[in-house]
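Here's the letter readout for the chains.
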Amino acid sequence: MPRLFAAFGLTSLHVSTLGCVRGLIEEADPSWACEKWVPRENLHITSAFFGEVPSALIGVVADALARVASGVEPFELIAAGVRAVPSLRRATMLWASYDDPAGMSQRIARDLRSAHEGLCEKGDARPFRPHVTLVRTRGPRAVPAAALGEAEALVATALAEPMSVLHVTLFESVLLPTGPVYRELMAVPLGGA
């Protein structure tokens, strides 16, 4: 069964800037090179993760995505920094977090989860926070604080301008031995785009 999720794409500036975060962390502590970094082409902001969906229901998911997207105007997200999750000393992930002053990303996430309550995986019941997962660690570990500070400064400077979100995309995640490959199934423009 296909594994599906809905996501907001990033601009090339956001992708390249967030890609530089990896270099800063690995330069400070080369052992971070062995962690599970998300390839630049896979960087995105997940809005809803549906998990494995029977092929016969892909159209249902796509139709609901189109309905939700049509009711939301384009909006802006503001890069808010890089954070260690859950903490600097015991990180299992690094995120690039985003602020959404209009709350539109939260609305889309809520409406998609509501429309697909039986399909969304249980972990998605948590409050939605727009973010990009940069790396997942193989176990809790300390993040080089100075490098994280440099990453924060880089993001604050390079990504000071808000990023416009004009559409939401339905992806299929194909799991391969080398890692997941995300295949775009459809991009749906937001209401006014």
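Summarised in this report is the structure supplied together with it. What you see is a predicted model, and the numbers here were worked out from it, not measured in a lab.

### Concerning the packing of aromatic side chains
- Counted by the stated rule, this structure contains four aromatic pairs.
- Seen from their ring centres, Phe5 and Phe171 are 5.2 Å apart, and the 15° between their planes marks the pair as stacked. Taken together, the positions of Phe5 in strand S1 (residues 3-8) and Phe171 in strand S8 (residues 167-176) put the pair 166 residues apart, joining distant regions of the chain.
- Their ring planes at 85° and their centres at 5.7 Å tell us that Phe8 and Phe75 sit as a pair that is edge-to-face. Linking Phe8 in strand S1 with Phe75 in strand S4 (residues 75-85), this pair joins segments that are 67 residues apart in sequence. Like Phe75, Phe8 is buried.
- Each member of the aromatic cluster is reached from another via a ring pair, and the members are Phe5, Phe171 and Tyr182.

### Focus on the side chain of His14
- Positionally, His14 belongs in helix H1 (residues 12-28).
- At a separation of 2.8 Å, a polar atom in the side chain of His14 contacts the side chain of Tyr98.
- With residues near it in sequence (within four places) discarded, His14 still touches Ala79, Tyr98, Leu159, Glu161 and Met163.

Rules behind the numbers
- Along every chain, residues carry numbers that run from 1 in the direction the sequence is written.
- Totals for whole chains, interfaces and linings use every residue, but because this is a predicted model, local features are given only for residues with pLDDT of at least 70 and side-chain atom pairs only at 80 or more, for both listing and counting.
- Hydrogens and waters are ignored; side-chain quantities use all the structure's heavy atoms.
- Stacked, tilted and edge-to-face are the three classes assigned to paired rings of Phe, Tyr and Trp, where Trp is represented by its six-membered ring and a pair needs centres within 6.5 Å; plane angles under 30 degrees give stacked, over 60 edge-to-face, the rest tilted.
- The numbering of helices and of strands both runs from the N terminus, where a helix is a DSSP run of H or I of at least 4 residues and a strand a run of E of at least 2.
- Any residue under 20% of the maximum accessible area for its type is buried, any over 50% is exposed, and the rest in between are partly exposed; the area is computed with a 1.4 Å probe on protein chains only.
- In protein, a polar contact means a hydrogen-donor-capable atom and an acceptor-capable atom, both N or O and within 3.5 Å, with residues adjacent in sequence counting only if both atoms are side-chain atoms; elsewhere, any N or O pair within 3.5 Å suffices.
- Whether two residues are in contact is decided by their heavy atoms, any of which lying within 4.5 Å being enough.

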